[in-house]
Amino acid sequence: MASKVAHPDQIDTTVIEQDVLDIAELPPGEMKQVDLKEGYKVPLINNEGIVSALAAACTHYGAPLITGDKVGNTIRCPWHGACFNTITGDIEEFPGLDSLNRYETTVVDGKIRVRAMVSELRQKKRVKGMAAYSEKNTNTVLLVGGGPASTVCAETLRQEGYDGRIVMACKEKFLPYDRPKGSKAMTSSPETISLRTAEFYEKNGIQVLLGKEVTSIDFEKREASFKDGARQKYDQVVLATGAECRTLPIPGADLSGLYTLRNMDEGNVIFEAAKDKTVAIIGASFIGMEVGSCLAKVSKSVTCIEYAPHPFPVLGKEVGMGLKAFSEQQRV
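What counts, and where the lines are drawn
Residues numbered from 1 in each chain as written. Predicted model: local features only at pLDDT ≥ 70, side-chain atom pairs only at ≥ 80, totals over all residues. Heavy atoms only, no water. Helix = DSSP H or I, 4+ residues; strand = E, 2+ residues; numbered from the N terminus. Expected span 1.5 Å × (residues − 1). Buried < 20%, exposed > 50% of the residue type's maximum accessible area, 1.4 Å probe, protein only. Arc of directions from axis to C-beta. Contact = heavy atoms within 4.5 Å. Pairing = 2+ DSSP bridges. Axes fitted to C-alpha atoms, helices over the stretch in contact; angles between N-to-C directions.

### Things to note about helix α2 (residues 148–159)
For α2, which comprises 12 residues, the first-to-last C-alpha distance of 16 Å matches the rise-based estimate of 16 Å (1.5 Å per residue) to within 8%. Restricting attention to buried positions, one finds in α2 the residues S150, T151, A154, E155 and R158. Each buried residue of α2 lies within a common arc of 130° when the element is viewed along its axis, so the set occupies one face. On its buried face, α2 sits against β14 (140–144), β15 (165–169), α3 (198–203) and β16 (206–209). Once α2 finishes, G161 follows within two positions and takes phi at roughly 100°, a positive value.

Take a look at the structure:
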């Protein structure tokens, strides 16, 4: 059945309440996906007697969790490995920032009953509660780096109750963004793939410094120096700068027309430079092949060069050769 519940803000929220499965059909440790009215799918998990109902899709890229691996009270996303607690829905391992919505379950006359607000079924994900910043706490944590590691660190500190100052120093002039999309959607702008909004950081008392490259750290003085001459005191520092691209250690590697891919600005430049051109990509693992697939739509030709006898060496010969055949059908 569906009903309307009036909230203090006078907005009525539709609630779906439905018997979905016999409890005998869901033995301890098992997981099954059921259908609610209006087409919503919900995985049910019997956590050794505690029945939970969670959002069906991973909060990272939306993979169906019913096809993931369940071990104990954890379910792992089948695509990129994000992990969620099957009782609370809380995210426990990156990638992804948000937790799964959890819906009310009861057992009535041997039937599992699920009760959920349609708004929560649509949203599917939630942000874990965070402590508010307090000026009374004079401690400062400095996060050096503007990627997902710094973002997760800042959020985890707040989620674990830390109410002191958090300063995130980002070398790029953009808010932390979903960097892996740089090889998948090369025309994206950092603003459209930001991990969090500026309002989110402000609301949770996380100070973000953009275009601030740290050039040195004095660990005795607990002070970081920036390229522009500014300095930042800290009590604790986290280094989360990521990695640099490897360059070709051969003659000619400094010629024009050679590019490395580390950020979205570079991805945009590469995409424009590849239009109607003959493109060679050094490396045929995930990033190289993703770039090849993206550039094949606009370039004259794309060739991926790999030292191993097949692409995606880490996946083995059989999978690598299968993906090679698929990629060649896509003009790579």
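Now that the structure is up, let's keep going.
### Focus: the sheet that holds strand β18 (residues 223–226)
Taken together, the three strands give an open sheet; going across it, the order is β17-β18-β19, and neighbouring strands pair in antiparallel fashion. Lying at the two open borders of the sheet, with one neighbouring strand each, are β17 (214–218) and β19 (231–233). Recorded for the sheet is a direction-independent mean angle of 20° between the axes of neighbouring strands. Note that β17 and β18 share four bridges and pair antiparallel. The residue of β18 that forms the bridge with I217 is A224.

### Some details on the sheet that holds strand β7 (residues 74–76)
Read from one edge to the other, the open sheet built from four strands follows the order β6-β7-β8-β9, with strand pairing classed as antiparallel. The open sheet has two free edges, formed respectively by β6 (69–71) and β9 (91–93), since each of these has just one partner strand. Taken over all neighbouring pairs, the strand axes of this sheet differ in orientation by 30° on average, direction set aside. Where β6 lies against β7, three bridges are found, and the strand directions are antiparallel. Across the sheet, residue K70 finds its bridge partner in β7, namely I75.

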